[in-house]
Amino acid sequence: MSEQKLLNKYSPPDFDPAEIPKLKLPKDRQYVVRIMAPFNMTCKTCGEHTYKGKKFNARKEMVQNEVYLRLPLFHFYIKGMRCLAEITFKTHPKNMDYTMEHSTMRNFQAEKLLEEEEKRLQKEREELNNPMKVLENRTKDSRLEMEVLENLQELKELNQRQANVDFEAMLTEYKELQEEQRCKEQEEDKQEKKAMLEQAQNHQLLADSDSDKEPANPHLNPMAQTKPMDILQEDPQPQSKKPRRESWERSVGKLSSKAQLARLVAHRKQKPDPALENGMESQGSVANTSSLPAAAATSSLGLLGAYSDSEESVSN
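First things first, this report covers the structure right here in the doc. All values derive from a computational prediction rather than experimental measurement.

### Digging into the pattern of salt bridges
As a working rule, side chains carrying opposite charge can pair if their charged atoms are close by.
Thought 1: Counted under the stated rule, the structure contains six salt bridges.
Thought 2: Across the pair arginine 82 and glutamate 48 runs a salt bridge, and its minimum N-O distance is 2.9 Å. With arginine 82 in the loop between strand 5 (71-79) and strand 6 (86-92) and glutamate 48 in the loop between strand 2 (41-43) and strand 3 (49-50), this residue pair connects regions lying 34 residues apart in the sequence.
Thought 3: The partner of arginine 120 in a salt bridge is glutamate 124, and the shortest N-O contact between them spans 3.1 Å. Taken together, the positions of arginine 120 and glutamate 124, both in helix 2 (residues 110-129) and four residues apart, correspond to about one turn of that helix.
Thought 4: According to the relative accessible area criterion, arginine 120 is partly exposed, its value standing at 39%.
Thought 5: For glutamate 124, a relative accessible area of 38% gives the class partly exposed.

Quick look at the structure:
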């Protein structure tokens, strides 16, 4: 019979339960459970009355970060009968009861209130009759009194410190420090401006002195006076003409002076008429004197044209 009921299961000798993989389920997972209403309640949305002991399909969930004597607390979620509103309540292990949270209102229970009041009075009687409990209560009261006195003393010390502090004097000192700092900054700015002006004046004096020295010593910087376009305007063959002019001057001579040109002029002698010898001597002399410079000028111009033509032929 025991084999048919399968009460005993075979486990091999090398079985290790630690090797069985564990399911990693979340801590706030929910379970569907069947539960009865722990107290009489009335729905706030539809006003439906639910009596104690009515059964519901509820969702059960563990409350996070709430433990009483290492006992976990649980949430329960149910739905109302008429409006299907969600109703929530949780366990209260300290009072061995449940606490209401949302959507409903717990009905008045006189018997429960009486029971709680009787329990409270009974605890007070036990404490009065128990000397150890009385001693503990006295020590707690003395501790509270000492803490209150210490807090009062600290408050008095703080008030005395604040009374001794002169806030107006502190503000005036702060303003004076700000003004001193501002004056220092202004002085530094003035000094910087003076230094910059002196540097600018020194640069200007140096530039003026350099400009005055440049015309006195033009041979120091000959390239500064030359222009790039002057190269195009220069004669392409200045050196080839000089020896030709020199050879021409040696062979022929210079004809630049007026005295040399005047020597080359030849004057014609006009034969006087016998009829005019007696009466026209004065007029003839005047005419001859006036004609001489004109002839000399014409002859000199012809010679200059010939000289220029000869120079052009030589240069070519």
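### Description of the side chain of glutamate 61
Thought 1: Residue placement: glutamate 61 occurs in strand 4 (residues 55-68).
Thought 2: The buried charged residue glutamate 61 lacks any salt bridge partner; its closest oppositely charged side chain belongs to arginine 59, at an N-O distance of 6.1 Å.
Thought 3: Within the structure, glutamate 61 has its side chain in polar contact with the side chain of tyrosine 77 (distance 2.8 Å).
Thought 4: Leaving out residues up to four positions away in the same chain, glutamate 61 has contacts with Asp28, Arg29, Gln30, Leu73, Phe74, His75 and Tyr77.

What counts and what doesn't
Residues numbered from 1 in each chain as written. Predicted model: local features only at pLDDT ≥ 70, side-chain atom pairs only at ≥ 80, totals over all residues. Heavy atoms only, no water. Salt bridge = Lys/Arg side-chain N within 4 Å of Asp/Glu carboxyl O. Helix = DSSP H or I, 4+ residues; strand = E, 2+ residues; numbered from the N terminus. Buried < 20%, exposed > 50% of the residue type's maximum accessible area, 1.4 Å probe, protein only. Lys, Arg positive; Asp, Glu negative; His and termini not counted. Polar contact = N/O pair within 3.5 Å; in protein donor to acceptor, adjacent residues only side chain to side chain. Contact = heavy atoms within 4.5 Å.

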